[in-house]
Amino acid sequence: MLPIERRQQILTWVEQEGSLRVTDISSRLQVSEMTVYRDIKPLIDEQKVIKTSNGIAALPHRHAVSSVPICTYCYKIANTRYSVKLITKSQQIEHTCCAHCALLRYEDVECDVILCHDFLTDTTISAKMATFLFHADVNINCCQPTILTFDSYQQAMKFQTGFGGEIYRFEEAVQTLKQKMNAQSCVNRNHL
């Protein structure tokens, strides 16, 4: 398990249980207590948890926060099959509701990893290796222009044959969306 995954698991446990001891975390994750201390230090520094005498505890306001991820770009709920995860260079996990917001957010932060889902198979893929289909005649009830992601360029071309649209690779998709948006924000973002 990667450090970022361990930290996310620790946060989930703290939100569910209120507090945890370092020894319990070590036992659950099957890692050394020193590894747990390294994992919880950023959580404490980022004020996601507070340090206790023998472990960590949730912040008082964390209990009221929903565990449903929210799009960091347009603030819509980001737990659909179209949602995308971005892992920043500082190892923060961000969620976006769709590829549209992910490509716009990519311009704002330095990302090591961007994970999305293949539109046809719903399997997790690297967005940097994906094929993007803009303006297909498919309504996914999300941000505009609609952008669908495909693991295979050939599958994207076949889908394009039936539903139209424009195909781009990752870097082309980022630049094309930036030009299409012409410095405009996502519709939902403007209403906040």
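Values in this document were obtained by computation on a predicted structure and should not be read as measured data.

### Describing the nonpolar core
- Within the largest apolar cluster, 42 residues are counted, with the highest numbers of intra-cluster contacts made by Cys 97, Leu 103, Phe 132 and Leu 148.
- Of all the secondary-structure elements, those providing two or more residues to this core are strand E4 (84-88), helix H4 (99-108), strand E6 (111-117), strand E8 (131-134), strand E9 (147-150), helix H5 (153-163), strand E10 (166-169) and helix H6 (170-181).
- Here this core gets 6 residues from one element, more than from any other, and that element is H4.
- Residues Leu 20, Leu 29, Val 49 and Ile 56 belong to the second largest nonpolar core, which totals 14 residues.

### Side note on the confidence of the model for the chain
- Within the chain, residue pLDDT values average 87, and 91% of them lie at 70 or more.
- Scored below 50 in pLDDT, residues 188-192 shows 10 contacts in the model against residues more than four places distant or in partner chains.

### Some points on unusual backbone geometry
- Put simply, Gln 144 and Pro 145 share a cis peptide bond, and its omega is 0°.
- Residue placement: Pro 145 occurs in the loop between E8 and E9.
- One non-glycine residue, Gln 47, adopts positive backbone phi at about 60°.
- Tracing the chain through its elements places Gln 47 in the loop between helix H3 (33-45) and strand E2 (49-51).
- Note on Gln 47: relative accessible area 61%, which makes it exposed.
- Even without glycine at this site, His 135 takes up a positive phi of about 60°.
- Assignment of secondary structure puts His 135 in the loop between E8 and E9.

The rules behind the values
Residues numbered from 1 in each chain as written. Predicted model: local features only at pLDDT ≥ 70, side-chain atom pairs only at ≥ 80, totals over all residues. Heavy atoms only, no water. Core = buried A, V, L, I, M, F, W, Y, C linked by side-chain atoms within 4.5 Å. Buried < 20%, exposed > 50% of the residue type's maximum accessible area, 1.4 Å probe, protein only. Helix = DSSP H or I, 4+ residues; strand = E, 2+ residues; numbered from the N terminus. pLDDT = per-residue confidence, 0-100. Contact = heavy atoms within 4.5 Å.

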